[in-house]
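Tertiary structure, described
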Amino acid sequence: MGTILSGMRPTGRLHLGHLLGVINNWKKLQDEYRCYFMVADWHALTSEYEDPSALRDNVRQMVIDWLSAGIDHEKSVIFRQSDVYQHAVLHLMLSMITPLPWLERCPTYKEQMQEIKGKDLSTYGFLGYPLLQAADILLYKADAVPVGEDQLPHLELTREIVRRFNYLYGTVFPEPKALLTAASKVPGLDGRKMSKSYGNCIFLSDDAGTIRERIRGAVTDPQKIYKDSPGRPEICNVFAYENIFLPERCSEIEAECREGTLGCVKCKGYLADAVIEYLQPVHERRSRYEKQPDFIDRLLADGAKKASVMAAANLSEAMNAMGL
Ligand code: TRP
């Protein structure tokens, strides 16, 4: 059985885009690989270092979201990065052999330095973000890493580091391959990418009333002004959702929308019912876990213990190879 490591930064609650893209994919992988799922709290600090007050709670909420969405802590190891100090040690060791330009030319780094204003990101930690990610992956000798397209440069950097390390010190690490997660099929409610910063999300923690309200505000075909104007499902956001959540009724909805016999308000009602039903089991699990903070703490402690076994063994092999 191969090994997988993947992680997410605990920067807020998960939304439908995460669920349909990342989490449902992780769920499947749990049966095919030995999986390590990591809450990357050190990575969160690389950009949120000025105010870490929400960090601990965000870690907990992320674990609750994962469990509620069906990640199984008995199949997979769920842990918090900062509980396994070996990540930091390996990061330091890898920093010795990483040429600065490899980090400076990283497209995610260049992009974020340009786009994110209002935070001082000219720090050593932020530049080293992808290297810390490489340490995460190599510490478990992961064969594969499920990631979105935006993370491919980090995987490529990891592979370059592996080649350099193995060339200098003898073969210790395997080159991990990327398991590309298909981009989520749900757009945000306004048609842009679903993202917390656009305020166009449905969060896993939203209750039924909130979901209904958010869907009521979704952007549809701008030419469908009255409820009996004919609409164009192919450019309609709500219809894109209906394809996923109500596939069996789509042909009927499509025909009626085109004819002008189905108004958007009613159509959105159908969708809201379907999304609420889809999220129902997630909500039930969520409310159960929210009442058990001790359970989450224990689960993380247990995950850290399991992760540490592998991390300690691989770190000591790397230290030996490096003459330490
Ligand atoms: N950088 C990843 C993201 O933002 C999170 C992450 C941290 C990660 N360490 C990782 C992903 C290791 C995969 C493997 O999504």
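Residues numbered from 1 in each chain as written. Predicted model: local features only at pLDDT ≥ 70, side-chain atom pairs only at ≥ 80, totals over all residues. Heavy atoms only, no water.

**Remarks on the overall build of the chain**
What counts, and what does not: Under the DSSP-based scheme used, a helix requires at least four consecutive residues in state H or I and a strand at least two consecutive residues in state E, with every element numbered from the N terminus. With the radius of gyration taken over C-alpha atoms, the globule rule is written as 2.2 Å times the number of residues to the power 0.38. Partly exposed describes any residue whose relative accessible area lies between the buried limit of under 20% and the exposed limit of over 50%, with all areas from a 1.4 Å probe on protein chains only and scaled to the type maximum. Every residue pair with non-hydrogen atoms within 4.5 Å of one another is taken to be in contact. For the area figures, the Shrake-Rupley method with a 1.4 Å probe applies, and any residue is considered shielded solely by the protein chains shown. Positive: Lys, Arg. Negative: Asp, Glu. His and the chain ends are not part of the count. Here the site of a charge means atom NZ of a Lys, CZ of an Arg, CG of an Asp or CD of a Glu.
For the chain, the helix and strand inventory stands at 14 helices and five strands. Since a compact globule built from 324 residues should have a radius of gyration of about 20 Å, the 22 Å found for the chain is in line with a globular shape. Out of the 324 residues belonging to the chain, those deemed buried represent 48%. In the chain, the proportion of contacts linking residues at least 24 apart, taken out of those at least 6 apart, comes to 79%. Summed over its atoms, the accessible surface of the chain is roughly 15900 Å², and 52% of this surface lies on carbon and sulfur atoms. Here the chain contributes 39 positively and 43 negatively charged side chains, and the mean placements of these two sets differ by 1 Å.

**Quick word on the packing of aromatic side chains**
In this description, a pair of aromatic rings is defined by centroid distance and the angle of the planes. Rules: By convention, a stacked pair of Phe, Tyr or Trp rings (six-membered ring in the case of Trp) has centres within 6.5 Å and planes under 30 degrees apart, an edge-to-face pair has planes over 60 apart, and any other such pair is tilted. Either the NZ atom of lysine or the CZ atom of arginine qualifies as a charge over a ring when it sits within 6 Å of the ring centre and within 35 degrees of the ring normal.
This model, assessed by the stated rule, comprises 10 aromatic pairs. Measuring from centroid to centroid gives 4.2 Å for Trp-26 and Phe-37, while their planes differ by 5°, and the two rings are stacked. Here the residue Trp-26 occupies a position in helix 1 (residues 16–29), and Phe-37 occupies one in strand 2 (residues 33–39), the gap between them amounting to 11 residues. Feature note: the residues Trp-26, Phe-37 and Trp-66 constitute an aromatic cluster, connected by ring pairs. The lysine or arginine in question, Arg-192, covers the ring of Tyr-198, its NZ or CZ lying 4.0 Å from the ring centre. Across from the ring centre of Tyr-289, 5.9 Å away, lies the NZ or CZ of Arg-288, which sits over that ring.

**Details of the pairing of strand 4 (residues 144–147)**
Two faces belong to every sheet, and in a regular strand the side chains alternate between them. Under the convention used in this document: Two strands are said to pair when DSSP picks up at least two bridges between them. The crossover handedness rule: strands pointing away from the viewer, path from first strand over the helix to second strand clockwise, crossover right-handed.
Burial of the side chains of strand 4 extends over both faces: Ala-144 and Pro-146 are buried on one face and Val-145 and Val-147 on the other. Summarising the sheet, strand 4 and strand 5 (residues 177–180) pair through four bridges and their orientation is parallel. In the strand pairing of strand 5, Pro-146 is matched with Leu-179. Between the parallel elements strand 4 and strand 5, the chain passes through helix 9 (residues 152–169) in a crossover that is right-handed.

**Remarks on a negative patch on the surface**
How we decide: Patches here: salt-bridge-free residues with over 30% relative accessible area, like charges joined within 9 Å, nonpolar side chains (Val, Leu, Ile, Met, Phe, Trp, Tyr) joined within 5 Å. Any carboxyl oxygen of Asp or Glu within 4 Å of a side-chain nitrogen of Lys or Arg constitutes a salt bridge here.
There is a patch of like negative charges on the surface, built from Glu-111, Glu-115, Glu-149 and Asp-150. Among the structural elements, Glu-115 can be located in helix 6 (residues 107–115).

**Some thoughts on the site of the ligand**
Defined as follows: Being near a molecule or strand, for a residue, means having at least one of its heavy atoms within 4 Å of it. N or O atoms within 3.5 Å of each other form a polar contact, as long as, within protein, one can give a hydrogen and the other can take it, and as long as residues adjacent in sequence are counted only when both atoms are side-chain atoms.
Taken together, the neighbourhood of the ligand is formed by 14 residues, with Arg-9, Tyr-129, Gln-133, Asp-136 and Gln-151 sitting nearest. Note that an oxygen atom of the ligand is positioned 3.3 Å from one of the side-chain N or O atoms of Arg-9. Between the ligand and Gln-151, the relevant distance is 2.9 Å, taken from a nitrogen atom to a side-chain nitrogen or oxygen of the residue. Considering the ligand on its own, with 370 Å² of exposed area, one finds that the protein chains cover 91% of that surface. Contributing elements (two or more residues each) for the shell around the ligand: strand 1 (2–8), helix 8 (129–138) and strand 4. When residues of the shell around the ligand are assigned to their parent elements, the largest contribution, four residues, is made by helix 8.

**Observations concerning the side chain of Asp-206**
If you trace the backbone, Asp-206 turns up in the loop between strand 5 and helix 10 (208–216). Separated by 2.8 Å, the side chain of Asp-206 and the backbone nitrogen of Phe-203 make a polar contact. A distance of 3.0 Å separates a polar atom in the side chain of Asp-206 from a polar atom in the side chain of Arg-214. Among residues more than four places away in sequence, those in contact with Asp-206 are Arg-13, Cys-201, Ile-211, Arg-214 and His-283.

**Concerning helix 4 (residues 86–96)**
It helps to recall that an α-helix has 3.6 residues per turn; residues three or four apart then point in one direction. The criterion, for reference: The directions considered for the arc run from the helix axis to the C-beta atoms.
Restricting attention to buried positions, one finds in helix 4 the residues Gln-86, His-87, Leu-90, Met-93 and Leu-94. Buried residues of helix 4, seen end-on, are gathered within an arc of 130° and therefore sit on one face of the element. Turning to helix 4, the residues buried within the fold contact strand 2, helix 2 (41–48), strand 3 (77–80), helix 8, helix 9 and helix 14 (293–321).

**Comments concerning the domain arrangement of the chain**
How we decide: Start and end points for every domain follow an automatic or database-based domain assignment. The term buried area refers to how much accessible surface (probe radius 1.4 Å) is lost by two components on association, counted for both of them together.
By the assigned domains, the chain splits into domain 1 (3–186 + 293–321) and domain 2 (206–286). One C-alpha centre belongs to domain 1, the other to domain 2; they are set 36 Å apart. Listed by partner, the interface residues are 14 residues for domain 1 and 10 residues for domain 2. Across the interface of domain 1 and domain 2, roughly 950 Å² is buried in total on both sides, 62% from carbon and sulfur atoms. By the criterion of area lost to domain 2, the three top residues of domain 1 are Leu-16, Ser-68 and Val-186, representing 46% of everything that side buries. Summed over the shared surface of domain 1 and domain 2, the result is one salt bridge. With a closest N to O distance of 2.9 Å, Asp-65 and Arg-286 form a salt bridge.

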